[in-house]
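Each chain, letter by letter, is given below.
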Amino acid sequence: KAGVTQTPRYLIKTRGQQVTLSCSPISGHRSVSWYQQTPGQGLQFLFEYFSETQRNKGNFPGRFSGRQFSNSRSEMNVSTLELGDSALYLCASSLAGLAGGVDTQYFGPGTRLTVL
Amino acid sequence: GQNIDQPTEMTATEGAIVQINCTYQTSGFNGLFWYQQHAGEAPTFLSYNVLDGLEEKGRFSSFLSRSKGYSYLLLKELQMKDSASYLCAVRDPGYGQNFVFGPGTRLSVLP
């Protein structure tokens, strides 16, 4: 079974630009969560999508948005990039995203975004 | 709010045993997870506790005390490949059942 895939793996952008990252979950997984990982802040939750609906959102500005398609693939968009957006962006999928239970998240390899 | 604490760095010797602690304060609790993350790679799932006690999985064991908001990951017979960051995460129903991650503990295993 293929794991979680993310594209692109690396991106270099300049301030003010926008970027779109893509995530394909494990087949059958309906929940996709996005995280930002930086050396100073660790792993921080951005948002979660389940059945094409944003179910939860972390404490990030509105410049960060996302969506999920009917095949569970998800995209994340960051507009008006700032230097501080440089980070590793990880997506994780889980089987159902239902409350409770051993609903383990499986992570993709991440997209390394550098903002110059 | 949510707060999860772990030591920043630890060093141990090959073949030894190391215990990585995690304390948490979250608005709710629906399971504690441990992940391993090698440099430049994605986190991978190691273990899960939802009830108090010890869960053993080969060389790795994880313990949970919900009343104390405390967990530890025990790694036995350390190998060089165990050098990695270890992330503690709590699933919080008060946070939409999402995962709140600790800062991670960077473990270095020396020969």
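Rules and cut-offs
- Residues numbered from 1 in each chain as written.
- Chains lettered and ligands numbered in written order.
- Predicted model: local features only at pLDDT ≥ 70, side-chain atom pairs only at ≥ 80, totals over all residues.
- Heavy atoms only, no water.
- Helix = DSSP H or I, 4+ residues; strand = E, 2+ residues; numbered from the N terminus.
- Buried < 20%, exposed > 50% of the residue type's maximum accessible area, 1.4 Å probe, protein only.
- Contact = heavy atoms within 4.5 Å.
- pLDDT = per-residue confidence, 0-100.
- Phe/Tyr/Trp six-rings, centres within 6.5 Å; stacked < 30°, edge-to-face > 60°.
- Lys NZ or Arg CZ within 6 Å of the ring centre and 35° of its normal.
- Pairing = 2+ DSSP bridges.
- Salt bridge = Lys/Arg side-chain N within 4 Å of Asp/Glu carboxyl O.

Visitor: Help me understand the environment of B:V90, please; the structure alone is not making it clear to me.
Guide: Residue and element names in this part refer to chain B. Mapped onto the elements, V90 comes out in strand β9 (residues 84-92). Among the residues examined, V90 registers a relative accessible area of 0% and is labelled buried. If we ignore the near neighbours within four places in the chain, the residues touching V90 are I4, Y24, T26, G28, F29, G31, L32, N98, F99 and V100.

Visitor: Help me out: how do you make sense of the confidence of the model for chain A in this one?
Guide: For residues with low pLDDT, the predicted coordinates do not support detailed interpretation. Here chain A averages 90 in pLDDT, while 93% of its residues score no lower than 70. Element-level pLDDT for chain A is lowest in strand β6 (residues 53-57) of chain A, with a mean of 87, against a maximum mean of 98 in strand β3 (residues 19-24) of chain A.

Visitor: I tried to follow the environment of A:L43 on my own but got confused; where do I start?
Guide: Along the chain, A:L43 falls in strand β5 (residues 42-50). For A:L43 and A:L90, which are 47 residues apart along the polypeptide, the C-alpha to C-alpha distance reads 8.8 Å.

Visitor: Explanation requested: the packing of aromatic side chains in the structure shown.
Guide: All chains considered together, the criterion is met by 17 aromatic pairs over all chains. Put simply, the rings of A:Y35, A:F45, A:F107, B:F33, B:Y35, B:F45, B:Y48, B:F99 and B:F101 touch in pairs and so form one group of aromatic residues. Directly above the ring of A:F50 sits A:R55, whose terminal nitrogen or CZ lies 4.3 Å from the centroid.

Visitor: When you look at the pairing of strand β11 (residues 105-110) of chain B in this model, what are you seeing that I'm missing?
Guide: Looking along a regular strand, one sees side chains alternate from face to face of the sheet. Residues and elements named next belong to chain B. Because side chains alternate across β11, one face comprises the buried residues T105, L107 and V109, and the other comprises R106, S108 and L110, none of which is buried. Two strands pair when backbone bridges link them, and strand β2 (residues 9-13) and β11 are joined in this way by five bridges, in the parallel orientation. Each bridged residue has a counterpart across the sheet, and for A12 the counterpart in β11 is V109. In this sheet, β11 lies alongside β9 in antiparallel orientation, the contact comprising three bridges. Looking at β11, one finds that Y86 is bridged to T105.

Visitor: Before we go on, may I ask you to explain the pattern of salt bridges in this structure?
Guide: Close approach of charged atoms lets side chains of opposite charge pair. Residue and element names in this part refer to chain A. Applying the stated criterion across every chain yields a total of eight salt bridges over all chains. Among the ionic pairs, E48 bridges to R55, the shortest N-O distance being 2.7 Å. Exposure remark for E48: the relative accessible area of 3% places this residue in the buried category. R55 gets classed as partly exposed once you look at its relative accessible area, which sits at 34%.

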